[in-house]
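The lines below spell out each chain.
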Amino acid sequence: MRQAPGTGLRFPTISLGLWQNFGDRSPEESARAVALRAWEAGIFHFDLANNYGPPGGAAEEFTGRFFTRDLPGRRNELLLSTKAGYRMHPGPYGEGGSRKYLISSLESSLRRLRTDYVDIFYSHRFDPTTPLEETLGALKTLVDQGKALSVGISSYSALRTREALDIAEAIDLKIAVHQSSYSLVNRWIEEPNNSGESVLSLASTAPYGVVAFSPLAQGLLTTKYLDGIPSDSRAANSPSFNPGYISAENLERIRALTSIAERRGMSLAQLAVAWCLRDKRVSSVLIGPRTVDQLDELLHAAYAPELDANDLQDIDVYARDGGVNLWASRSSDL
C-alpha cells in the first residue's frame with residue numbers, strides 16, 4: 001500500500017482500471033470474475049471515467065451492478081474514482097472542461113455507479129477552449145457539495161499542471177492526484193518543461209500522488225505481438241491501439257526487455273509494472289486485465305524484488321519513447 005503525499009489517500013500498489021474490458025464488448029461474467037479476483041487479492045481502488053466501456057457509461061453501469069450484487073455494504077472500504085473530459089455525448093457540452101460538463105457528468109456517473117459520492121474525481125484532460133479557472137472551480141464545487149472527496153487531473157503537461165496547482169491554491173483546492181500514462185516506452189512525465197519541472201518532479205514539491213495508467217502500453221509490453229497481431233488482441237479490436245505502434249524499433253526494444261525480464265525470472269508484463277513501481281512518487285499502477293489469469297500474472301509484480309541499479313541501467317538502454325502516447329495531442333502536448 002502507498003499513500004499520496006500531502007493527503008490521507010491510501011492506494012493499493014496495483015489498482016484496477018476499467019477502461020476497455022468492462023463494457024458491452026466483454027462478457028459480464030468475465031468482467032465480474034476479474035473484479036472479484038481483484039477485490040479478493042486486496043485491490044480496493046477501482047478507477048473509471050464517464051466514457052469507459054464501450055459504449056460510454058457501460059463500465060460505470062457494470063461497476064454499480066458489481067458493487068450492489070457482490071460487495072453490498074462495502075462502499076466505505078473502497079476507493080472509487082471517475083473522470084470527465086473526453087467526449088461522452090453530442091453537442092457543445094459533451095466533452096471538455098466546462099463547469100456545465102464536469103458537474104453534470106459527475107451527477108450522471110453517480111447514478112450509474114449507484115453511489116452518493118466518489119473518492120476522487122478527475123479532470124480527464126486539459127481543455128484549451130475553457131479557462132482553467134472554470135475547470136478547477138467546478139472541481140471545487142463538487143468537493144464542497146460532497147460529491148467528490150478529493151480531486152485530480154489527468155494527462156496534464158508539467159506546464160498545465162503548474163498552472164492548475166497555482167489556481168487550486170488560490171481557491172483553496174487540493175489537487176491530490178495526477179493520473180498519467182507511463183510505461184517503458186512512454187516516459188513523458190519524466191521530461192522537464194522550460195522551467196525545469198516535470199510531472200514527476202512536481203509530485204515531490206506540490207505534492208501529489210501519481211497514478212500511472214497503461215503500464216503495458218495497451219499490451220505492447222507483452223510478447224503477444226512478436227509474431228504478428230493476434231485476432232483477439234487490442235491491436236486487432238480497439239480503435240485506441242494504432243497498429244503502427246508495432247514498429248520494428250519497438251519490437252526490437254520488446255525483445256531486449258523480454259530477455260532482461262527472463263533473466264530476473266519475470267514476464268515482460270511483470271517487469272513493465274515493477275519498473276513503474278520503482279519510483280516511490282507513483283502511488284499506484286492501474287492495470288486493465290481482460291482475464292483472471294492476466295490479473296494474477298500482474299499481481300506478482302507488486303511482490304517482486306525491487307529492481308537494482310544494474311537492472312535499471314540495463315533497462316534504461318531500451319526504455320525509450322515508442323510513439324505510443326495516445327493522449328499527447330489531446331492533452332499532454334497542449
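Cut-offs and rules
Residues numbered from 1 in each chain as written. Predicted model: local features only at pLDDT ≥ 70, side-chain atom pairs only at ≥ 80, totals over all residues. Heavy atoms only, no water. Buried < 20%, exposed > 50% of the residue type's maximum accessible area, 1.4 Å probe, protein only. Helix = DSSP H or I, 4+ residues; strand = E, 2+ residues; numbered from the N terminus. Pairing = 2+ DSSP bridges. Core = buried A, V, L, I, M, F, W, Y, C linked by side-chain atoms within 4.5 Å. Contact = heavy atoms within 4.5 Å. Right-handed = clockwise from strand over helix to strand, strands pointing away.

Participant: Could you clarify how one ought to interpret the pairing of strand E3 (residues 14–17) in this entry?
Facilitator: Successive residues of a regular strand alternate their side chains across the two faces of the sheet. Of the two faces of E3, the one lined by Ile14 and Leu16 and the one lined by Ser15 and Gly17 are each fully buried. Here E3 runs beside strand E10 (residues 282–287); their pairing, made up of 3 bridges, is parallel. Bridge pairing in E10 places Leu16 opposite Ile287. Direction of pairing for E3 relative to strand E4 (residues 45–47): parallel, over a ladder of 2 bridges. For Leu16, the partnering residue across the bridge sits in E4 and is Phe46.

Participant: Would you mind showing me how to read the nonpolar core here?
Facilitator: Soluble, globular proteins show a tendency: their nonpolar side chains are buried together. Counting 108 residues, the largest nonpolar core has Leu16, Phe46, Phe121, Leu136, Leu220, Val273 and Ile315 as the members making the most contacts within it. In terms of residue count, the dominant contributor to this core is helix H9 (residues 268–277) (9 residues). Apart from the residues lying within four places of it in its own chain, the contact partners of Phe121 are Thr82, Lys83, Ala84, Leu102, Leu106, Leu139, Leu142, Ala148, Ser150, Val151 and Gly152.

Participant: Sorry if this is basic, but what is going on with the pairing of strand E5 (residues 79–84) here?
Facilitator: Judged by how many residues are buried, E5 sits mostly within the fold: 6 of 6 residues are covered. Because side chains alternate across E5, one face comprises the buried residues Leu79, Ser81 and Lys83, and the other comprises Leu80, Thr82 and Ala84, equally buried. Inspection of the sheet shows E4 paired to E5 by 3 bridges, in the parallel sense. Paired with Phe46 across the strands is Leu80, a residue of E5. Alignment of E5 against strand E6 (residues 118–123), held across 4 bridges, turns out to be parallel. Bridging from a neighbouring strand, Lys83 pairs with Tyr122 of E6. Between E5 and its parallel partner E6, the chain crosses via helix H3 (residues 99–113), and the hand of that crossover is right-handed.

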